[in-house]
Protein chains: 2
Amino acid sequence: MKKNQSKISIKDIAQELGLSITTISFIINKKAKNRISDEVIQKVEAYIEKVGYKPNSAAQSLRTGKTKTIVFMVEDISDPFFSSVAKEMEKLAFDSGYKIIFCSTDNKKSRAIELISMFKDRQVDAYIITPPEDFQDEIEQLVSENQIVMLFDRFYRDADYNYVVLNNYGSTKRAVEYLKNQGFKNIAYVGLKTELSTLTDRFDGYKEAVREANRENLSLLISFDDVKSEVGNKQFEEFLELHPEIDAILFATNNLAITGLKILKKKNIQIPEDIGVITFDDRDLFELHAPAITVMSQPITSLAKEVISGTLKLLKRKHSIQDKIQIVLDGELIVRKSS
Amino acid sequence: MKKNQSKISIKDIAQELGLSITTISFIINKKAKNRISDEVIQKVEAYIEKVGYKPNSAAQSLRTGKTKTIVFMVEDISDPFFSSVAKEMEKLAFDSGYKIIFCSTDNKKSRAIELISMFKDRQVDAYIITPPEDFQDEIEQLVSENQIVMLFDRFYRDADYNYVVLNNYGSTKRAVEYLKNQGFKNIAYVGLKTELSTLTDRFDGYKEAVREANRENLSLLISFDDVKSEVGNKQFEEFLELHPEIDAILFATNNLAITGLKILKKKNIQIPEDIGVITFDDRDLFELHAPAITVMSQPITSLAKEVISGTLKLLKRKHSIQDKIQIVLDGELIVRKSS
DNA sequence: GACAGTTAGTAAAACGATTTACTTAATAAA
DNA sequence: TTTATTAAGTAAATCGTTTTACTAACTGTC
């Protein structure tokens, strides 16, 4: 009674109740209707409840080929945006009986390949991926192997995959137009030097907005690795010196904004008097900042909801040759003191 | 060649090479020495490499009872402290062939119980847990079922479990002493109303430090649910009004500090001229704040390293009746302008 | 040349579920 | 009474590993 209690299997239940394994299995899987009498069903269910039986998931996986596990391959799980989404996703998935495994690529292609290879061969039912740069071949490969793949945060405009992303183009355009309406004339864009759709779309939105306003394109693109380094700082400082006419800046990511705000503070530039500021992604830091920073915020909860419900929908499908799930959500402008 | 390629098993390899399943398995598991000829070993390894065979983990789990999975049950995965630790942990664990499943309890006992029940019965090799309040019985239960349990961030002083925690008592004491040495006289403590060791130890450290300095205990404890609400704001404001003598505040968590800084700003209290500030946990927000905030920072990387290496050590043990793994790390004081 | 000892390998029983293809008894239809 | 139909349940194969307990051939020793 001490050591043996460790595990109770379907077989034990069958033996105890004088039934066959098949019968128990049918009942557990709700396939007992028109096969097994209500009386027996009740008896078995009561017994299962009583002893707290839980099926062994390894055995289930082996037999069915499904693991009830979803991988969420993210750029960086310690980034507040991704970790907030992750938290919401986790909850929704768990309630549907799925576990989520998170992993960070740091936007490194090699790391991402490594991770996918770890999960290959059916250890996982679906992949939710924020692909690093130059990753379309790997996505294509995964899809061609009939894996379920959902892209998140970034996607490939020319290819037909499942995705949930922000309307980066439109949201950026709206942000620039807001700045314009506030009376700012020379609006600069500080973004990342990358081919990720998230950032190229934001840049395109900016360019279109300034074009429509007959204004000059004043932009600085910093490479991903330099954002938090001295190199990035220097580039930003030089950019400011080169363009004294700038009276507002749109930062394309929260990390860029943090770097930028440090420099602005250092140079004693007043916000919003000297330069107005707006940035992507809300963080409590921006609310607390002096002055509080206007942001284009991503709808975390809705994004998470769409990603999970979409992925679960894909998991339920019999044939993969159906319409793709493609969701685009708008950002929300939260106006504060900085612009 | 198209559909059948889906999976390749040990059996296929055995057949293809005219060997037995056993032989292949031995070679894969490095148990072939003194059993199988080098020639055969080489041939098999080459073939495995060539076809890119990966063992089916469900079958392995079923047979061995191990899932190569660790659960990290955390208070809130979207909290920067926990998500930073999570990221480091994930990396270390993955490199040892373990997957990590994260989940958030929101410090709710009921949610934690729910989650544990989901993972019960060997779906998981080990639990890393930041227990919510009043959770010792559940931990005890888990341990008594011979599950591997590692407590993180908080622990039970009177019970003998595995844990990795910060030296909260000593770190807080040091922080107070630093304030004292900086010339602050009336040092207040703003903490959480909770029995979690993390917070009680910090409070104890504070009390001891002011006692040694023959100073008054000026403290406010806010309950967890009120921190980000109006109730919390009001309590803090009243506290300040009640104690105009306060010239420095130690915040016990970053969330408390954020709330507090908002109020201080609203009341136009100058930092550090009117009141000096120091808080637990470093966040980029504190560095960027005007003025930059002095913090008692937790050694994220070391904490993650200790947790994972400790857990892996436990996983390797044959007998659970060995010494517990109990690690206590010191915080690092990062001095900035606020004190 | 008989015996033990080593070397190189294999057969087969698990692990715990799911599922197909039965059996048997009772009922309804002809 | 015979036959077809339905209801209620079960036997056994299978998923892909790991591992125990073997066999068979060879080597060396006395």
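Owing to the predicted nature of the structure, the values given are computational and were not obtained by experimental measurement.

## As for the overall build of chain A
No. 1: Along chain A, the regular secondary structure elements total 13 helices and 12 strands.
No. 2: Against the globule reference of 20 Å for 339 residues, chain A gives a C-alpha radius of gyration of 26 Å, more extended than a compact globule.
No. 3: C-alpha atoms of chain A, sized along the principal axes, occupy 85 × 40 × 35 Å.
No. 4: Counting the 339 residues in chain A, one finds 53% classified as buried.
No. 5: Taking as baseline every contact in chain A between residues at least 6 positions apart, the subset at least 24 positions apart corresponds to 69%.

## Some points on the protein's contact with DNA strand D
No. 1: If you check the shell around DNA strand D, you find 28 residues, and the closest are Thr23(A), Ser37(A), Lys31(B), Tyr53(B) and Arg63(B).
No. 2: Sugar and phosphate atoms form 55% of the subset of DNA strand D atoms that lie within 4 Å of the protein.
No. 3: A distance of 2.6 Å is found between a phosphate oxygen of DNA strand D and a backbone nitrogen or oxygen belonging to Ser37(A).
No. 4: In this structure, Asn29(B) approaches DNA strand D through a side-chain N or O atom, which is 2.9 Å from a phosphate oxygen.
No. 5: Sorting the residues of the surface near DNA strand D by element identifies α2 (21-28) and α4 (57-64) of chain A together with α2 (21-28) and α4 (57-64) of chain B as the ones contributing at least two each.

## Re the protein's contact with DNA strand C
No. 1: Around DNA strand C sit 29 residues, and of these Ile10(A), Tyr53(A), Arg63(A), Thr23(B) and Ser37(B) come closest.
No. 2: Note that a phosphate oxygen of DNA strand C is positioned 2.6 Å from one of the backbone N or O atoms of Ser37(B).
No. 3: A distance of 3.2 Å separates a base nitrogen of DNA strand C from a polar atom in the side chain of Arg63(B).
No. 4: Elements represented by at least two residues in the surface near DNA strand C include exactly α2 and α4 of chain A together with α2 and α4 of chain B.
No. 5: Of all the elements, α4(A) adds the most residues to the surface near DNA strand C, at 5 residues.
No. 6: Considered class by class, the residues forming the surface near DNA strand C number 12 nonpolar, 11 polar and 6 charged.

## Here's the deal with the sheet that holds strand β7 (residues 218-223) of chain A
All names here are of chain A.
No. 1: Taken together, 6 strands build an open sheet; the order of strands is β7-β6-β8-β9-β10-β12 and the sheet is mixed. At either margin of the open sheet sits one strand with a lone partner, and together these are β7 and β12 (332-334). Between one strand axis and the next, the sheet turns through 20° on average, direction left out of account.
No. 2: Here strand β8 (residues 248-251) runs beside strand β9 (residues 276-280); their pairing, made up of 4 bridges, is parallel. Bridge pairing links Leu-250 to Ile-278 in β9.
No. 3: Most of the contacts of helix α10 (residues 230-242) go to β7, to which it runs at about 170°, and overall it touches β6 (187-193), β7 and β8.

## Some remarks on the domain arrangement of chain A
Quoted interface sizes are often the accessible area lost when the parts come together.
No. 1: Annotation of chain A at the domain level lists domain 1 (4-55), domain 2 (67-165 + 301-329) and domain 3 (168-297).
No. 2: Once you take the C-alpha centre of each, domain 1 of chain A and domain 2 of chain A turn out to be 36 Å apart.

## Some thoughts on helix α6 (residues 109-119) of chain A
No. 1: Arg111(A), Ala112(A), Leu115(A), Ile116(A) and Phe119(A) are the residues of α6(A) that are buried. What you see down the axis of α6(A) is that its buried residues fit within an arc of 135°, all on one side.
No. 2: Buried residues along α6(A) sit against β1 (69-74), β2 (99-104), β3 (126-129) and α7 (136-144) of chain A together with α5 (80-95) and β2 (99-104) of chain B.

## Focus: the packing of helix α8 (residues 168-181) of chain A against helix α9 (residues 197-212) of chain A
All names here are of chain A.
No. 1: It is the contact of α8 with α9, at a shortest axis distance of 7 Å, that shows an interaxial angle of 40°. In terms of orientation, α8 and α9 fall into the oblique class. Crossing angle aside, the handedness with which α8 passes α9 is right-handed. Contacts between α8 and α9 pair Asn-168, Tyr-169, Thr-172, Lys-173, Val-176, Glu-177 and Lys-180 from the former with Thr-198, Asp-201, Arg-202, Asp-204, Gly-205, Tyr-206, Glu-208, Ala-209, Val-210 and Glu-212 from the latter.

Cut-offs applied
- Residues numbered from 1 in each chain as written.
- Chains lettered and ligands numbered in written order.
- Predicted model: local features only at pLDDT ≥ 70, side-chain atom pairs only at ≥ 80, totals over all residues.
- Heavy atoms only, no water.
- Helix = DSSP H or I, 4+ residues; strand = E, 2+ residues; numbered from the N terminus.
- Rg over C-alpha atoms; globule rule 2.2 N^0.38 Å.
- Buried < 20%, exposed > 50% of the residue type's maximum accessible area, 1.4 Å probe, protein only.
- Contact = heavy atoms within 4.5 Å.
- Near = heavy atom within 4 Å.
- Polar contact = N/O pair within 3.5 Å; in protein donor to acceptor, adjacent residues only side chain to side chain.
- Nonpolar A, V, L, I, M, F, W, Y, C, P; charged D, E, K, R; others polar.
- Pairing = 2+ DSSP bridges.
- Axes fitted to C-alpha atoms, helices over the stretch in contact; angles between N-to-C directions.
- Domains from an automatic or database assignment.
- Arc of directions from axis to C-beta.
- Parallel < 35°, antiparallel > 145°, perpendicular 65-115°, else oblique.
- Left-handed = near helix turned anticlockwise from the far one by under 90°.

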